[in-house]
Amino acid sequence: MNLLLHNMNPSIKFVIVTVSMIVMAFFFNPITPLLFCCGIILFQLLFSRINWKLWTFSMLPFLIAAFGYLWTTLIFAKSSTGNIIWTPFFLEITDQQLDLALSLTFRVLAFSMLSLLFAFTTDPVKFVMSLMQQLKLTPKIAYSVLVGYHFLPFIKDEFLQIKQVHKMRTHNQPTSKWHRSKAAYRMLIPTLAGAVRKAERAAFAMEARGFTGEARQSFFHPIIIKQSDILLSMLFSILLIGSCTIGVTLSR
Amino acid sequence: MLKDWKLKEVVLMSLFGVVFGIVYLIFIHIGNIWAGLIGPIAYEWMFGIWFIVSIISMYIIRKPGAALLPETLAALIEVLLGNAVGPRLILSGIVQGLGAEAAFAVTRYRHFNLAVLMLAGAGSAVFSFIYGYFISGYAALDPALVAWMFTLRVLSGMIIAGIGGKYIADGLLATGSLRGYAISHSRKGDASA
Amino acid sequence: MSNVTFHFPDRRDPVLENVSFAVRAGERLVISGASGCGKSTLLLLLNRLYPFNCDGTIQGDIWLFGKKTEDFVPGEINQQIATVFQDPDTQFCMPTVEEELAFTLENLNVPSADIETRIASVLELTSLSDFRYTKIHSLSGGLKQRVAVACALVMNPKILLLDEPLAHLDPLTSKKFVQWLDTLQKRVNLTIIAVEHRLASWNRFFTREICLGNSGKVLADRPFIDAKPLVFPAHLSSIRQDEALHVSNLAVTIAGENRLLPMSFSMNSGEVTIIAGPNGSGKTTLLKALVGILNTSGSVKPCLQLGYVPQTPEYMFLTSTIKQELAFSQNASSEELTTLMDRLDLLRIAESNPFSVSHGQKRRVAIGAMLADKRNVLLMDEPTAGQDAASLRELYELIRQRAADGDAFLIVTHDMSFAYAVADSVLLLKNGSLSGKFDSSDIWYKQDLLFSHQLLPPEGDVKDELVVT
Ligand SMILES: Nc1ncnc2c1ncn2[C@@H]1O[C@H](COP(=O)(O)OP(=O)(O)OP(=O)(O)O)[C@@H](O)[C@H]1O
Ligand SMILES: Nc1ncnc2c1ncn2[C@@H]1O[C@H](COP(=O)(O)OP(=O)(O)OP(=O)(O)O)[C@@H](O)[C@H]1O
Ligand SMILES: [Mg+2]
Ligand SMILES: [Mg+2]
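A brief structural summary. (Residues numbered from 1 in each chain as written. Chains lettered and ligands numbered in written order. Predicted model: local features only at pLDDT ≥ 70, side-chain atom pairs only at ≥ 80, totals over all residues. Heavy atoms only, no water.)

### Thoughts on the side chain of Glu71(B)
Residues and elements named next belong to chain B.
No. 1: The topology assignment puts Glu71 in helix α4 (residues 68-80).
No. 2: With no salt bridge to any partner, buried Glu71 finds its closest opposite charge in Arg153, at an N-O distance of 12 Å.
No. 3: Residues within four places of Glu71 in sequence aside, it is in contact with Tyr24, Trp50, Phe51, Val53, Ser54, Gly93, Gln96 and Gly97. (Helix = DSSP H or I, 4+ residues; strand = E, 2+ residues; numbered from the N terminus. Buried < 20%, exposed > 50% of the residue type's maximum accessible area, 1.4 Å probe, protein only. Lys, Arg positive; Asp, Glu negative; His and termini not counted. Salt bridge = Lys/Arg side-chain N within 4 Å of Asp/Glu carboxyl O. Contact = heavy atoms within 4.5 Å.)

Shown next as structure tokens:
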């Protein structure tokens, strides 16, 4: 039960998350995104086993950004009608403005939560595999992405090494801002050159394994659509429709 | 579209996606903190960074799709990294890629000089702004501010993505590791164009 | 293959010229020749990755199993000709051994019911069953190379192509790899075509040899004769009395894991010391610790004049021409630079981009940059890997000359003949700890000590002496 979200078919999850985001973009009341946020947290509590400490930590930058949205929309909002509810300094803030600002802020939070829900419960390799099997992504792209993902630790390692060797060679050079950005450029070039070389070798290796880029007939580990996927999608739809209608009615 | 792509080109796009995916993530964090201090306009001046992979890749590979694909892959890789903004990024990646792609399509994929690259940077900026206008609700903001944001973003796209992207790709070309890609073959033709 | 001539698009002279040969089933063929003469290119033509992937032009025909290569659909031929590439790190596309094998079989459209049995049987055949669920990037270099062979064999190929499979393996692992391949070949009757510089490590494995010359012509096509190991001229020790490097209680701990246990040793000026040990024993880690790239405990004296040539020389390039690269530190006068470039044979390419020259040249640029920095202790990580005989001799001369001038060298290598020739002393590492510093005059006779570090005595001269002593 508490692994349902983790086991959900990644493509379906992806489609639902994306659709929810697009739908929410059309609602300018604060209640819809707020309800939606609560629903997501509830879903995660019920159907997933995530590390809440890490989750809170990952939400932090988004909270800061959301706060930025709040006060800029308050100050820079289109001058609009409505009852003036607060007049700090020489600004006038109307209830409509506040509503709008809050709705944008909660929207940022809702988007972030959706994203984190996806990120925390999805295995990247399965996601790509499922994109290929359910959404008909061509194997050429799917496997190239997997190769890129697989090379990530190598590229990171290589970048660190380059950085350190460069530091050793340039230890007595000036460190002004200009020099620092020049140093960053000097590190980027070998990293990219390494990536080009790796790409070529990996592509050769794939072709040498008989990879033609054609769609495949059989998979060793097929990824299927289960009943629980349908159930979860329905729950998500209810949450989405529910928070939209309630939001619209309440803010009338 | 993918038929005349070689596998090594697709893999190269993916690895560029990885490298720039990491770079993007770093900047998202910087951007978020700035955004908290001075609002959404914080992102604008450095928005060009997010378009750079389209421009570098198209400049190197020169095939239809070479701007759209890597931007999308970079976004996908960012999502795979399990970090930050999640699936929404894939959508914005596609939109940004389309913007750059449009600029190259208008010039019929024949010219890849600085002006065209800057145009592509501007294209990404315009497309991503229209997208952002709906998704992030810029409609609610003061039109003057929106105009400012737009100008900043287009400038940033032209300068950071257009000029910066060409500078990086030229540096890479000089290393000789790009032989076997279109950029090495059409060197002379391009100089006259 | 008949009369094949091959051009890269941006070069005037062909890489391969009028190459013709035929290979019978079950043959074991080795292709040898100087670095950069076109051996890898030839292999890539044989499995049809070239010319499609590099826009090169080809004249003449290549016939595989009685059919021209052009007549095969892309990918079709790769299901009968399997390839193992040189670099163990960049030839896998999936995270675990099992997934990598499944990827290969899915490509062949093997029904999913059969995939399981074929994976199990190839793992059995290659005795890799224990590693089925292991992450590939956590395997040692030797094991990676074996996994690559397993992926090749799971396709049931008729021909196996190998590109310098031993370049990064320690001596004993290399030897085991060759023996293992030998048994395997007898069991499944493969045709093997390999590219190799270190022929001596293969003993009598091959039955035929094709030598490629510098202009891409076949120099010789003959039955394989026992390879003579490289012989280097003897050297006089140039050790001086003053201490050049003193290390005490150096240790490295990364993420709570001891990667290097505390070790102490010292070196004098003019001394050439070899670091040897099994794959993954911490040799690279030691060098990085010495130059201060890794956080360490313990002390290294002196710490500023150390020069470091990483395993991948590209990591250290900062500028866009070789000349600027050498002049970067501004520690050497322009006459000094010119003599240095002359001695390193870099004058001809002084204006080239350091990234674009050949592998051996890159390494010499890196060494030159360090020498021009006036660093008098030089650390080098595997300068011998993938180098042909001529470059090895050149490297040997260079090191001995600089040692005679009083510089100290600390060199990591898996090439025991080279080590035997160049070393004054040897540091042996195992599992992150230092077994000791040994004098080069007697270490090569202590077989047990060498074996326990996955090393072998160098081929040739020492063995003869062994019999005498
Ligand atoms: N894509 C390419 N475009 C142009 N020239 C190339 C390309 N690839 C290789 N070359 C050049 O072709 C020559 C032969 O290269 P190849 O890799 O076949 O050499 P090799 O015999 O395998 O050398 P090594 O022993 O060092 O591996 C080299 O001089 C190399 O610089
Ligand atoms: N980034 C890393 N993260 C975790 N473990 C690592 C990392 N780099 C190296 N190691 C481990 O540290 C040990 C020592 O590695 P090192 O690279 O020093 O070996 P080496 O002696 O140079 O081997 P080789 O002969 O194969 O080059 C190995 O067991 C290796 O798996
Ligand atoms: Mg080669
Ligand atoms: Mg090493």
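Past the structure itself, the notes keep going.
### As for the site of ligand 2
No. 1: Close contacts around ligand 2 come from Asp157(A), Arg259(C), Pro278(C), Asn279(C), Gly280(C), Ser281(C), Gly282(C), Lys283(C), Thr284(C), Thr285(C), Glu382(C) and His414(C), and that covers them all.
No. 2: Around ligand 2 the close residues trace back to chains A and C.
No. 3: At a separation of 3.2 Å, an oxygen atom of ligand 2 approaches a polar backbone atom of Ser281(C).
No. 4: Measuring from an oxygen atom of ligand 2, one finds a side-chain N or O atom of Thr284(C) at 2.6 Å.
No. 5: In the complex, 58% of the free accessible area of ligand 2, which totals 640 Å², lies under the protein chains.
No. 6: Looking at the shell around ligand 2, the element that brings in the most residues is helix α6 (residues 283-290) of chain C, giving three residues. (Near = heavy atom within 4 Å. Polar contact = N/O pair within 3.5 Å; in protein donor to acceptor, adjacent residues only side chain to side chain. Areas by Shrake-Rupley, 256 points an atom, 1.4 Å probe, with all protein chains shown as cover.)

### Points about the sheet that holds strand β12 (residues 243-254) of chain C
Residues and elements named next belong to chain C.
No. 1: If you walk across this open sheet you meet the three strands as β13-β12-β15, and the pairing is antiparallel. The sheet is open, and its two edges are formed by β13 (257-268) and β15 (297-301), each paired on a single side. Taking the axes of each pair of neighbouring strands and ignoring which way they run, one obtains an average angle of 10 degrees across the sheet.
No. 2: Where β12 meets β15, four bridges bridge the pair, whose relative direction is antiparallel. Looking at the pairing, Ala251 lines up with Ser297 of β15. (Pairing = 2+ DSSP bridges. Axes fitted to C-alpha atoms, helices over the stretch in contact; angles between N-to-C directions.)

### So, the interface of chain A and chain B
Accessible area lost upon the coming together of the parts serves often as the stated size of an interface.
No. 1: Each partner contributes to the interface: chain A provides 58 residues, whereas chain B provides 58 residues.
No. 2: At the boundary of chain A with chain B, the tally comes to one salt bridge.
No. 3: Note that Glu200(A) and Lys8(B) form a salt bridge whose closest N and O atoms lie 3.5 Å from each other.
No. 4: Taken together, chain A and chain B are joined by three residue pairs in polar contact (both at pLDDT 80 or more).
No. 5: Where the side of chain A that touches chain B is concerned, the elements lending two or more residues are α2 (10-24), α4 (52-76), α5 (95-121), α6 (124-134), α7 (139-169) and α8 (177-208) of chain A.
No. 6: No other element matches the 14 residues that α8(A) contributes to the side of chain A that touches chain B.

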